[in-house]
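Each chain is listed here by its residues.
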Amino acid sequence: MIYFNGEKVEFKKFPNGEAMIHSENLKLRINNNEIKVKFENDEDITHLIFLKGHLDELKVKCSLILPYMPYSRMDRTEGIMIFTLKYLCKLINSLNFESVTIYEPHSDVSAALLDRVKVVNMSKILTEHLLKKLNNGKEDVYLVYPDAGAAKRYGKDISYEKILTANKERDFKTGFIKKLDINGSVKSKNFKAIIVDDLCSKGGTFMLAASRLKEMGAGEIYLAVTHLEDTVFQGDLLKNDLIKAIYTTNSILSKEHEKINVYEI
């Protein structure tokens, strides 16, 4: 799904499936034109190429906003898997945007590969908002990082003292988490916990982390995650009381739930 200056761009198709794009509805500005891509599938990338090419012919400069960086999880060469993120970033660079803004990339690789990039640390914003909401952090609130990568990343970005970090052991044949332990200790029972990460699919890791936190005495557990996929409705995260509420954005999510609080990008 593509937006130009805040308005959704309508893409129709010829009978054979090729894109048909009308230009009369594009509202051009003198300055600060923006294309925003809410990635749904690879067709959005093709549409982006066509739209930017048209704007280049009109000599209209514009910036690109990516609430979710597509292919950000494919950020390395691993076995026979192709380093798709690298080639997508090369493509975006070739389109020569004035700037490229990405929200909470999966790793630093996206920012390293993109030209004129701006990174919005959205999980940090969501977490700090939630800390303020929970009585400005004066209650016994702990931030929980579900793995070493999250601890390294958010420990650097978020200034906070009460931290718990999880270690997880994954079965690489099945992809499932075999074991998850919480490192650190809490000073009192009935504490509150905020699990912080960048992306949630079905939520299995967060379910395990929440279960361990309950065993440690957590009274309320929240999840702050920038990218929440619709597949969360296929898992158990929303079907029990382990997680009290989820704070996320509309970068991917297209459905609603009473437990989900959405920050609009």
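Relevant structure appears above.
Counting from 1, residues in each chain are numbered in the order their sequence is written. Only residues with pLDDT of at least 70 get local features here, since the model is predicted, and only at 80 or more are side-chain atom pairs given and counted; chain-wide, interface and lining totals rely on the full set of residues. As a rule here, side-chain values come from all non-hydrogen atoms in the structure, and water together with hydrogens is ignored.

Peer 1: Looking at this structure, I do not really get the overall build of the protein. What am I missing?
Peer 2: Elements are defined by DSSP. Helices are runs of H or I of four residues or more, strands are runs of E of two residues or more, and each kind is numbered from the N terminus. Summing up its helical and strand segments, the protein has six helices and 15 strands in all. In terms of overall dimensions, the protein is globule-like: its C-alpha atoms have a radius of gyration of 20 Å, near the 18 Å expected for 265 residues. For every residue, the accessible area obtained with a 1.4 Å probe (protein chains only) is divided by the maximum for its type, and the residue is called buried under 20%, exposed over 50%, and partly exposed between those limits. Looking at the 265 residues of the protein, the share that counts as buried comes to 45%. Whether two residues touch is decided by their heavy atoms; if any such pair falls within 4.5 Å, the residues are in contact. A sequence separation of at least 24 residues applies to 57% of the contacts in the protein between residues at least 6 apart. Charge assignment in this entry is limited to Lys and Arg as positive and Asp and Glu as negative, and neither His nor the chain termini are counted. Lysine's charge is taken at NZ, arginine's at CZ, aspartate's at CG and glutamate's at CD. A gap of 3 Å separates the mean positions of the 39 positive and 37 negative side-chain charges of the protein. Radius of gyration here is computed from C-alpha atoms only, and the compact-globule reference equals 2.2 Å multiplied by the residue count raised to the power 0.38.

Peer 1: I would appreciate a short explanation of the packing of aromatic side chains in the present structure.
Peer 2: Two aromatic rings, drawn from Phe, Tyr or Trp (for Trp, its six-membered ring), form a pair once their centres lie within 6.5 Å of each other, and the interplanar angle then sorts them: stacked below 30 degrees, edge-to-face above 60, tilted otherwise. Going through the model one piece at a time under the given rule, you end up with three aromatic pairs. Judged by centre distance (5.4 Å) and plane angle (75°), the rings of Tyr142 and Phe191 are edge-to-face. One end of the pair, Tyr142, is in strand E9 (residues 141–145); the other, Phe191, is in the loop between strand E11 (177–183) and strand E12 (192–200), with 49 residues separating them in the sequence. Phe191 gets classed as buried once you look at its relative accessible area, which sits at 0%. Between Lys52 and the ring centre of Phe97, over which it is positioned, the NZ or CZ distance is 5.1 Å. Whether a charge sits over a ring depends on NZ of Lys or CZ of Arg being within 6 Å of the ring centre and within 35 degrees of the ring normal.

Peer 1: It is not clear to me how helix H2 (residues 84–94) should be interpreted in this structure. Could you clarify?
Peer 2: The periodicity of an α-helix, 3.6 residues per turn, causes residues three or four positions apart to be oriented the same way. Listed in full, the buried residues belonging to H2 are Leu85, Leu88, Cys89, Ile92 and Asn93. Each buried residue of H2 lies within a common arc of 140° when the element is viewed along its axis, so the set occupies one face. Facing away from the buried side of H2 by over 90 degrees, the exposed positions are Lys90 and Ser94. Taken together, the buried residues of H2 touch helix H1 (43–57), strand E6 (62–66), strand E7 (100–103) and helix H3 (109–113). Working definition: the arc comes from the directions between the helix axis and the C-beta atoms, pointing outward to the latter.

Peer 1: Even after reading the chapter, I still don't get the side chain of Glu229, so can you show me in this structure?
Peer 2: Here Glu229 lies in the loop between strand E13 (220–228) and strand E14 (245–249). Take Glu229: its relative accessible area is 13%, and that puts it in the buried class. If we ignore the near neighbours within four places in the chain, the residues touching Glu229 are Arg73, Leu199, Cys200, Ser201, Ile252 and Leu253.

Peer 1: So what exactly am I meant to see when it comes to unusual backbone geometry here?
Peer 2: Negative phi characterises most residues that are not glycine, and trans characterises most peptide bonds. With a phi close to 50°, Asn5 is a non-glycine residue in the positive phi region. Position of Asn5 relative to the elements: it lies in the loop between strand E1 (2–4) and strand E2 (7–8). What makes Asn5 buried here is its relative accessible area of 11%. For Lys59, which is not glycine, the phi dihedral falls at a positive 60°. Counting through the fold element by element, Lys59 comes out in the loop between H1 and E6.

Peer 1: Quick question: what am I supposed to make of the sheet that holds E7 here?
Peer 2: The pairing of strands in a sheet comes from backbone hydrogen bonds and takes either a parallel or an antiparallel form. Here we have six strands laid out as an open sheet, ordered E2-E1-E5-E6-E7-E8, and mixed in their pairing. Unpaired on one side and paired on the other, E2 and strand E8 (117–120) mark the two borders of the sheet. Two strands are said to pair when DSSP picks up at least two bridges between them.

Remember that the coordinates give geometry; whether it matters functionally is a separate question.
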